[in-house]
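Commentary on secondary and tertiary structure
Residue strings, one per chain:
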Amino acid sequence: MATTPPPLRFAPDTGAQPTASYVADASDVHRVLLLYSGGLDTSVMLKWIQDEYEAEVVALTVNLGQPGEDYDVIRGKALRIGAVEAHVVDARDEFARGYVLPAIKANAVYGAAYPLFTALGRPLIAKLAVEYARRSGCDTIAHGCTGKGNDQVRIESTIATLAPELKVIAPVRQWRMGRDEEVRYAREHGIPVKGGSETTPYSIDDNLWGRSSEGRWIEDLAHAPEDDVFQLVTRPEEAPDEAEVVTLEFERGEPVALNGERLGLVELLDRAAMIGARHGVGIVDQLEDRIVGLKVRDIYEVPAAAILLLAHQELERLVGTIHQNQLKPFLDQRWAYLVYAGLWWEPLREDIDAYMEAANSQVTGTIGIKLYKGSARVVTRESPHAVYDPQLATFAESGGLFSQAASPGFIELWSLQSRMAWRVRHGADGG
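Let me sum up the structure you'll find in this document.

1. A closer look at the overall build of the protein chain
Scanning the protein chain for helices and strands turns up 14 helices and 14 strands. Once the C-alpha set of the protein chain is aligned to its principal axes, its extents read approximately 90 × 50 × 45 Å. Across the 431 residues of the protein chain, 46% fall into the buried class. When the accessible surface of the protein chain is split by element, carbon and sulfur atoms take 52% of a total near 21,500 Å².

Pasting the structure below:
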């Protein structure tokens, strides 16, 4: 007969010297603000903190537009597990305007494909954690990030910046439980596991700007994506057989209308995500260089970002000069890296934002994008500020505002140094 394994206990390390000034000593932890998602990690954590630290726990759940969540259920679950308070904050508008909109203006992607939705959400979540920790009389903030990810950097750097008096604990770094052990711990303590299955779930993070999946077969680079990972975007093979053209209207870099209908930013992002998801747009299977030194694979579903960033970038190119269009991608990349690397509060990010606002002052107009079975491509462009004149660009007639007769002289001067250097290196006769 099989024997029942002993209960799992993973005590905090009380003897180790903290490696940073903000890391809590176990003896100083009395009332903890826990960033609570309602998922496996943070539900186990809520119980574990009570038992191992003998501390009160205040739960904070932040709504950034995660689809399909019932926040009354999440709050009730936190209270049942033992939270002395459980708060739910609807931060969708603040997230959209204060974090996603600057990312749109900066065409922000990391590693050529990841539109930073998790990276954008973490500094806001941590900022709210600081506010509610102070309001609730907490001395410590706890989060569910692992020691292998970027989110620990984003959250802890925010707390250390905004509230140096508060301490931090990160139980997942301390207890060294794997996903299977967490499931077992949850069963032993009567904590419901989402889906009710003993199968170790994917590690999911999502908000109104995208969704990520990690774990299980995703860690095997030779394993092609399995269908069950796609919970937001339709598999392209199953997308509609008819293409759809969507139009995005921008004013000073901000998306204000979809298909001719003016919408608030949150609703516009939701609508764009729904349309893109229906057409299989926004699937990213990316090998990513994390700032902690690891190279990892992530599966992203980013339908809203795939449409809006494409439209914004195209409109920006239409209204910008060649010099603006050469410089801005460099600053876009730097902005994205700072945010990805957890440096939201770095002054350079704010400095670059000032340039982004100036660069977007002329980004007004409408872009049409055709969606079809996973692809999105620009098909129409219109702006009152377009640096484009069909009379200059046309091949239908000669002359006009563009003097073709001036071209030979331009070519001779433009190529002067290049021609001289070639002759010096290869000989006067070119032989």
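Having put the structure on the table, let's press on.
2. Quick word on the sheet that holds strand S7 (residues 210-214)
Judged by pairing direction, the sheet is antiparallel, and its 4 strands sit side by side in the order S6-S7-S12-S11 without closing on themselves. With partners counted over all chains shown, the strands left at the sheet margins are strand S6 (203-207) and strand S11 (283-289), one partner each. The sheet shows a mean angle of 25° between the axes of neighbouring strands, direction not considered.

3. Structural notes on the environment of Phe402
The topology assignment puts Phe402 in the loop between helix H12 (390-393) and helix H13 (407-414). It is 55 Å that separates the C-alpha atoms of Phe402 and Gly149, two residues lying 253 residues apart in sequence. In this view, Phe402 contacts Leu392 and Ser407; residues no more than four positions away in its chain are not counted.

4. Some remarks on the nonpolar core
If you look at the biggest cluster of nonpolar residues, it comprises 80 residues, and the most contacted ones within it are Leu33, Leu60, Leu116, Leu120, Trp209, Leu248 and Trp335. Ranked by residues supplied to this core, first place goes to helix H4 (residues 117-135) with 11 residues. Not counting chain neighbours up to four residues away, the residues in contact with Trp335 comprise Tyr99, Pro102, Ala103, Ala106, Ala108, Leu116, Leu120, Trp344, Arg349, Ile352, Asp353 and Met356. Counting residues in each nonpolar core, the second largest holds 32 residues, with Met45, Tyr53, Trp175 and Met177 among its members.

5. Quick word on the state of the cysteines
As enumerated under the stated definition, the model contains 0 disulfides in all. Cysteine Cys145 remains unbridged, with the sulfur of Cys138 as its closest cysteine sulfur at 17 Å.

6. Comments concerning the packing of helix H8 (residues 265-278) against helix H9 (residues 303-319)
Packed helices, taken two at a time, are described by the angle between their axes plus the distance between the axes. Where H8 meets H9, the closest approach of the two axes is 7 Å, and the angle between their N-to-C directions is 105°. Judged on the interaxial angle alone, H9 and H8 are roughly perpendicular. Contacts between H8 and H9 pair Leu268, Leu269, Ala272, Ala273, Gly276 and Ala277 from the former with Pro303, Ala304, Ile307 and Leu308 from the latter. Within the contact of H8 with H9, the residues separate by chemical class into 9 nonpolar, 1 polar and no charged.

7. What about the pairing of strand S2 (residues 56-63)?
Among the 8 residues of S2, 7 are classified as buried, and the element is accordingly described as predominantly covered. Where strand S1 (residues 31-35) lies against S2, 5 bridges are found, and the strand directions are parallel. When the bridges of S2 are listed, Arg31 appears paired with Glu56. Handedness of the β-α-β unit built from S1, helix H1 (residues 40-53) and S2 comes out right-handed. Examined bridge by bridge, S2 and strand S3 (residues 85-90) share 6 bridges and lie parallel to one another. Paired with Asn63 across the strands is Asp90, a residue of S3. For the crossover from S2 across helix H2 (residues 71-81) to S3, the handedness is right-handed.

8. A word on the sheet that holds strand S14 (residues 375-382)
Read across the open sheet, the 5 strands follow the order S10-S9-S8-S13-S14; overall the sheet is antiparallel. What marks the edges here is a single partner per strand, and that holds for strand S10 (261-262) and S14. Pairing of strand S8 (residues 244-251) with strand S9 (residues 254-258) involves 4 bridges; the strand directions are antiparallel. Within S9, the residue paired with Leu248 across the bridge is Leu258. Packed onto the sheet, helix H3 (residues 92-105) meets S8 and S9 and runs at close to 95° relative to S9. Packing against the sheet, H8 makes contact with S8, S9, S10 and strand S13 (365-372), and its axis sits at approximately 65° to S9.

9. Quick notes on helix H10 (residues 322-340)
The end-to-end C-alpha separation of H10 is 28 Å, in line with the 27 Å expected for 19 residues at 1.5 Å each. For H10, every residue scored as buried is listed here: Lys328, Leu331, Asp332, Trp335, Ala336, Leu338, Val339 and Tyr340. On its buried face, H10 is in contact with H3, H4, helix H5 (151-162), S11, H9 and helix H11 (347-359). Directly after H10, the chain includes Gly342, whose backbone phi takes a positive value near 80°.

10. Here we look at the pairing of strand S12 (residues 295-301)
Most of S12 is tucked away, with 6 of its 7 residues classed as buried. One ladder, built from 3 bridges, connects S7 with S12; its direction is antiparallel. Of the residues in S12, the one forming a bridge with Ser212 is Tyr300. Pairing of S11 with S12, which is carried by 7 bridges, proceeds in the antiparallel orientation. Within the sheet, the bridge partner assigned to Asp285 lies in S12 and is Ile299. What sits between the antiparallel neighbours S11 and S12 is a turn of 5 residues, in which Gly293 has the positive phi angle 105°.

11. Side note on the packing of aromatic side chains
This model, assessed by the stated rule, comprises 12 aromatic pairs. Centre to centre, the rings of Tyr110 and Tyr340 are 3.6 Å apart; their planes meet at 10°, and the pair counts as stacked. Placement of Tyr110 in the loop between H3 and H4 and of Tyr340 in helix H10 is noted, with a sequence separation of 230 residues between them. Summarising the burial analysis for this pair, Tyr110 and Tyr340 share the class buried. Among the aromatic residues, those joined into a ring-pair cluster are Tyr110, Tyr114, Phe117, Tyr300 and Tyr340.

Cut-off values and rules
Residues numbered from 1 in each chain as written. Predicted model: local features only at pLDDT ≥ 70, side-chain atom pairs only at ≥ 80, totals over all residues. Heavy atoms only, no water. Helix = DSSP H or I, 4+ residues; strand = E, 2+ residues; numbered from the N terminus. Buried < 20%, exposed > 50% of the residue type's maximum accessible area, 1.4 Å probe, protein only. Areas by Shrake-Rupley, 256 points an atom, 1.4 Å probe, with all protein chains shown as cover. Pairing = 2+ DSSP bridges. Axes fitted to C-alpha atoms, helices over the stretch in contact; angles between N-to-C directions. Contact = heavy atoms within 4.5 Å. Core = buried A, V, L, I, M, F, W, Y, C linked by side-chain atoms within 4.5 Å. Disulfide = S-S within 2.5 Å. Parallel < 35°, antiparallel > 145°, perpendicular 65-115°, else oblique. Nonpolar A, V, L, I, M, F, W, Y, C, P; charged D, E, K, R; others polar. Right-handed = clockwise from strand over helix to strand, strands pointing away. Expected span 1.5 Å × (residues − 1). Phe/Tyr/Trp six-rings, centres within 6.5 Å; stacked < 30°, edge-to-face > 60°.

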